Amino acid sequence: MSVIHTESTSFEPNRETELTAEQAKKQKTRFNKLQKKLRREVGKAIADYNMIEEGDRIMVCLSGGKDSYTMLDILMSLQKSAPVNFELVAVNMDQKQPGFPEHVLPEYLDQLGIEYYIINRDTYSVVKEKIPEGATTCGLCSRLRRGTLYSFAEDIKATKIALGHHRDDIVETLFLNMFYGSRLSGMPPKLLSDDGRNIVIRPLSYCREKDIIAFANFKEFPIIPCNLCGSQENLQRQNIKLMLKDWDRQQPGRIEHIFNAMQNIKLSQMADTNLFDFQNLQLDRSTERKEYEFAHDQTVDGKPARDAVKMVNLVNL
């Protein structure tokens, strides 16, 4: 583990020298629009779920991927104008993967002037020892990483743990759990850990992955790929991702609709007997019945039972 404090310097790649003045102007305009959009979406997610409060010390988990870089960048930007005061602490976990470029993140963070820590833990060897060759390593890897980060958050007195999952991740997880886990659950924008000792927040919950990719390209973040699995992919998640991508292509906005549905759950119209009391439902006809639409256009034919209550005005009710 190392801690470093440095003077703040800007980290803005200068690509405009490779472009004409007009091209550079258009590119700058596109970048500004994209940045404002991401700031707006992150700000709304933070407000909707009360993710950040006065005096919070936020542990921003950096993997070296596009999502976590974008999360840190946007949070640092919002920190300057936020109505509450909060600290940001960047934390990366070096899992000792062969060939991992351990210099990349420290060099990048040195330029930002932010407090940061690198946790050194050889989870790579543990995963390779425990998981058979060719099997998916993501599950064990995630558990080891989560346990380490949860513990470290307490060590540095962080009050919130920020993860870089975006809207696409959340929707994908919903379908993964439905198709392969037989449960209706996803990644909540804000989560209290099972032991109650940590709160996880996902500031990018309202952001689309395609916007994050574009932003990361504009910023030219020094992306570090995850090589723990080699060329292995989590095939289940990849299948879900391809399905959703195809849906979104056929009907733009479908990802947003699915996510909105996750925020608009009607328990009485689901089937979980633990969350809704279906067994003890009772009729209540004590109040006057409301007339439904176009009731006067209805006619009724039939033969009522002999002992039934006499029906009046069967025609043209």
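Residues numbered from 1 in each chain as written. Predicted model: local features only at pLDDT ≥ 70, side-chain atom pairs only at ≥ 80, totals over all residues. Heavy atoms only, no water.

Enquirer: Before we move on, can you summarise the nonpolar core with the specific residues and values?
Expert: In this structure, Val60, Leu75 and Leu109 are the most contacted members of the largest nonpolar core, which totals 52 residues. The biggest single contributor to this core is helix H2 (residues 66-79), with 7 residues. (Core = buried A, V, L, I, M, F, W, Y, C linked by side-chain atoms within 4.5 Å. Buried < 20%, exposed > 50% of the residue type's maximum accessible area, 1.4 Å probe, protein only. Helix = DSSP H or I, 4+ residues; strand = E, 2+ residues; numbered from the N terminus.)

Enquirer: Explain the side chain of Ser68 to me, using residue names and the numbers behind them.
Expert: Of note, Ser68 is situated in helix H2. Given a relative accessible area of 5%, Ser68 falls into the buried group. At 3.1 Å, the side chain of Ser68 forms a polar contact with the backbone nitrogen of Ser63. At a separation of 3.3 Å, a polar atom in the side chain of Ser68 contacts the main-chain carbonyl oxygen of Gly65. Contacts of Ser68, omitting those with residues within four sequence positions, involve Cys61, Leu62 and Ser63. (Polar contact = N/O pair within 3.5 Å; in protein donor to acceptor, adjacent residues only side chain to side chain. Contact = heavy atoms within 4.5 Å.)

Enquirer: Pulling in residues and values, what's your account of the environment of Asp284?
Expert: Of note, Asp284 is situated in the segment after helix H9 (254-262). On the basis of relative accessibility, which here comes to 59%, the residue Asp284 falls in the exposed class. Polar side-chain contacts of Asp284 include one of 2.6 Å to the side chain of Ser286.

Enquirer: Tell me what's going on with the pattern of salt bridges, and back it up with residues and numbers.
Expert: All chains considered together, the criterion is met by 17 salt bridges. Of the charged contacts, one joins Lys160 and Glu53 as a salt bridge, the two residues approaching to 3.3 Å between their closest N and O atoms. Highlighted residues: Lys160 in strand E5 (residues 160-162) and Glu53 in the loop between helix H1 (21-48) and strand E2 (57-62), separated in sequence by 107 residues. Of the residues examined, Lys160 reaches a relative accessible area of 2% and is grouped as buried. Residue Glu53 is classed as partly exposed on the basis of its relative accessible area of 34%. Ionic contacts of the salt-bridge type, sharing partners, join the residues Lys66, Asp67, Glu172, Glu209, Arg237 and Lys241 into one network. (Salt bridge = Lys/Arg side-chain N within 4 Å of Asp/Glu carboxyl O.)

Enquirer: Can you break down the confidence of the model for the chain residue by residue, with the values?
Expert: When the pLDDT values of the chain are averaged, the result is 86; 86% of them are 70 or greater. Across the chain, E5 holds the top mean pLDDT of 98, while strand E1 (residues 2-4) sits lowest at 41. Confidence over residues 1-16 falls short of pLDDT 50; this stretch has 38 contacts with residues more than four positions distant or in other chains. (pLDDT = per-residue confidence, 0-100.)

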